[in-house]
Every structure is written in structure tokens, then in C-alpha cells.
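# Descriptive structure summary
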Amino acid sequence: PEHAVLSQCLAIHAGVDHQVRVWTGQSGDVLRSLRDRYGVSDAEFPRFAMVFMDQCGSRFWSDLEVLIKQELLMPGAILLADNVLKPGAPLFLWQLFHGL
């Protein structure tokens, strides 16, 4: 929770809090609940310009698959992932280097 509060404070300080949403919870639960959170049609559904992933490395690829299958990423979206080398996320890295 501290990191979420810090993230929200940084967004406010940067003046982008009206454009930034910080969610906490297990990534699989959060990703599956996005359509319910917004309750809008596919045309109005928000897409992400940037995603920061900071979970267990073994979850990266499955979460990215959800983002791709649900068309949640804008063209040219930036994907920032922590912990890909230690403890490691070999499937995620392989997919990135060999094309999604």
C-alpha cells in the first residue's frame, strides 16, 4: 500500500493525476476486473499507453497475454517490467526478444 500511495502522490505532484490510475492487488484479479470497473463499451474502454509490471517474474508473460488478448495496450505502448533478470522471467524475455 505504501508504494501505491507514493505513486498517487507523484502523479498529483506531476499534475497528471487525472490521467493516472493506480490499482493494487493480484495482477490476475485486477486485469480481469477492468471491464467491470469501467462498465463501458469496447469503443470507450481505456487502453494503456504505459504499464509497469512489478510482480513475480513467472507472472509477467501470462499478464502480458491478457493485456494483448483484451486489446488493452495502445499502439506503441511502453511496457516496463522489474525483476526480469533476478529472480527471472525467461518466458517473458524470450517472447519479447522473439516477437510477441
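The model shown is predicted, which means the values in this text are computed figures rather than measured ones.

### Some remarks on the packing of aromatic side chains
Describing an aromatic ring pair means giving the distance of the ring centres and the angle of the ring planes. Under the counting rule described, the total for this entry stands at one aromatic pair. A centroid spacing of 6.0 Å and a plane angle of 85° characterise the contact between W23 and F48, whose relative ring orientation is edge-to-face. In this pair, W23 sits in the loop between helix 1 (2-14) and helix 2 (27-38) while F48 sits in strand 1 (residues 48-53), placing the two residues 25 residues apart along the sequence. A relative accessible area of 29% means that W23 is categorised as partly exposed.

### So, the packing of helix 3 (residues 60-69) against helix 5 (residues 90-97)
For the pair helix 3 and helix 5, interaxial distance at closest approach is 7 Å and the crossing angle is 50°. In terms of their interaxial angle, helix 3 and helix 5 are classed as oblique. Residues F60, W61 and L64 of helix 3 form the contact with helix 5, whose own contacting residues are L91, F92, Q95 and L96. In the contact of helix 3 with helix 5, the residues fall into six nonpolar, one polar and no charged.

### Quick notes on a nonpolar patch on the surface
The grouping of M50, F52, I78 and L80 at the surface amounts to a nonpolar patch, some 400 Å² of accessible area in total. At the level of elements, strand 1 and strand 2 (73-81) are the ones that each hand at least two residues to the nonpolar patch. Take L80: it is sitting in strand 2.

### Quick look at helix 1
For helix 1, built from 13 residues, the straight-helix expectation of 18 Å at 1.5 Å per residue is met to within 8% by its first-to-last C-alpha distance of 18 Å. Where helix 1 ends, the next residue or the one after it, G15, has phi of about 75°, a positive value.

### With respect to the nonpolar core
One finds L34, F48, F60, L67, L72 and F92 to be the most contacted residues of the largest nonpolar core, which totals 14 residues. Listed by contribution, the elements that provide at least two residues to this core are helix 2, strand 1 and helix 3. Sort the elements by how many residues they give to this core and helix 3 lands first, with four residues. Those residues in contact with L72 that sit more than four places away from it in its chain are L34, F45, P46, R47, F48 and L67.

Rules of the game
Residues numbered from 1 in each chain as written. Predicted model: local features only at pLDDT ≥ 70, side-chain atom pairs only at ≥ 80, totals over all residues. Heavy atoms only, no water. Phe/Tyr/Trp six-rings, centres within 6.5 Å; stacked < 30°, edge-to-face > 60°. Helix = DSSP H or I, 4+ residues; strand = E, 2+ residues; numbered from the N terminus. Buried < 20%, exposed > 50% of the residue type's maximum accessible area, 1.4 Å probe, protein only. Axes fitted to C-alpha atoms, helices over the stretch in contact; angles between N-to-C directions. Parallel < 35°, antiparallel > 145°, perpendicular 65-115°, else oblique. Contact = heavy atoms within 4.5 Å. Nonpolar A, V, L, I, M, F, W, Y, C, P; charged D, E, K, R; others polar. Patch = residues over 30% accessible without salt bridge, like charges linked within 9 Å, V, L, I, M, F, W, Y side chains within 5 Å. Areas by Shrake-Rupley, 256 points an atom, 1.4 Å probe, with all protein chains shown as cover. Salt bridge = Lys/Arg side-chain N within 4 Å of Asp/Glu carboxyl O. Expected span 1.5 Å × (residues − 1). Core = buried A, V, L, I, M, F, W, Y, C linked by side-chain atoms within 4.5 Å.

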